[in-house]
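Here is how the chains run, residue by residue.
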Amino acid sequence: MKISFNQLLLLCSFLIILSACNNRSGENNQEHSNNRVGFDNLVIKREVKAFDDLKHSPKKIYIYEIVHPAKDDVDHQWLLIAIKDLLKISRNESLESGIEQLINSDAIEYKDEAKDLTGGDNEYLDMLNYERNTFIKDIYNAGNYLTLAYSITSYEGGAHGNYSSIYFNFDLQNKKQLDLSDILNIDTVFLQNI
């Protein structure tokens, strides 16, 4: 049986999550010595009308629910920067204003798409009620390690919505995101035999 790099990465993430389920205790807002990060949760909800001049215009709903370090100090700045990088927000910008810019940029595309799809015909307005949800949550936070789940769910027309989840692992002691090579140092030929 051959294991691809993506399958191996998924397996490692699954093992970390499984370990988290067995070891997790306490609230996220508490920090215990140096092996755990305290988090606050930023929630932004916004609705954008497809057509500003229509009273009953279809809308796109945006929900962002993002954890970020509760302490705004030098020791936690690296993690805030990593979260901004995941969202593709400028490092010089606040998390909140960066998310607002993401929404504004997407809203322009949504309004343009709505105009193109309807072409002035109000018959198809109902199909333009969209939704996009973005979450970053901590799912493991102990022993100097942190796993963040970055999930997006969306409905933008069609038969069903879309969703994705990606997991990112961090070494809190060394203040860095972990790569597979940080965890395993064996080659894929050896792993395939296992």
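Check the entry above for the structure.
Let us look at the structure shown here.

Rules used in this analysis
- Every residue gets a number counted from 1 within its own chain, in the order that chain's sequence is written.
- Only residues with pLDDT of at least 70 get local features here, since the model is predicted, and only at 80 or more are side-chain atom pairs given and counted; chain-wide, interface and lining totals rely on the full set of residues.
- To obtain the side-chain values, all non-hydrogen atoms of the structure were included, while hydrogens and water were left out.
- Following DSSP output, two strands are said to pair if at least two bridges run between them.
- The way it works is that DSSP assigns letters per residue, a run of H or I at least four long becomes a helix, a run of E at least two long becomes a strand, and they are numbered from the N terminus.
- Note on contacts: a residue pair is in contact if any heavy atoms of the two residues lie within 4.5 Å.
- Under this scheme, a helix contributes an axis fitted over its contacting stretch, all axes are lines through C-alpha atoms, and angles between N-to-C directions fall in the 0 to 180 degree range.
- What goes into a patch is any residue over 30% in relative accessible area without a salt bridge, connected to like charges within 9 Å or, for nonpolar side chains (Val, Leu, Ile, Met, Phe, Trp, Tyr), within 5 Å.
- Only the protein chains shown count as cover for residues, with accessible areas throughout obtained via the Shrake-Rupley method and a probe of 1.4 Å.
- The term salt bridge refers to a pairing of a side-chain nitrogen on Lys or Arg with a carboxyl oxygen on Asp or Glu at a separation within 4 Å.
- Charge assignment: positive for Lys and Arg, negative for Asp and Glu; neither His nor the chain ends contribute.
- We put the charge of a Lys on NZ, of an Arg on CZ, of an Asp on CG and of a Glu on CD.

**Some words on the sheet that holds strand 4 (residues 145–155)**
Point 1. Spatial strand order, 1-2-3-4-5-6: six strands in an open sheet with mixed pairing. Looking at the sheet topology across the chains shown, the edges are occupied by strand 1 (39–49) and strand 6 (176–177).
Point 2. Here strand 5 (residues 162–171) pairs with strand 6 via two bridges, running antiparallel. Looking across to strand 6, one finds that F170 is bridged to Q177.
Point 3. Here helix 2 (residues 74–87) sits on the sheet in contact with strand 1, strand 2 (59–69), strand 3 (130–142), strand 4, strand 5 and strand 6, set at roughly 155° to strand 2.

**Digging into a negative patch on the surface**
Point 1. On the surface, E109, D112, E113 and D116 cluster together to form a negatively charged patch.
Point 2. You can see D112 is positioned in helix 3 (residues 95–118).

**Comments concerning the pairing of strand 3**
Working note: regular strand, side chains alternate between the two faces of the sheet.
Point 1. When strand 2 meets strand 3, the two strands line up parallel, connected through seven bridges. Bridge assignment links I66 to a residue of strand 3, and that residue is I136.
Point 2. In the sheet, strand 3 pairs with strand 4 via eleven bridges, with the strands oriented antiparallel. In the strand pairing of strand 4, R132 is matched with S154.
Point 3. Between strand 3 and strand 4, which pair antiparallel in sequence order, lie two residues; one of them, G143, sits at a positive phi of approximately 55°.

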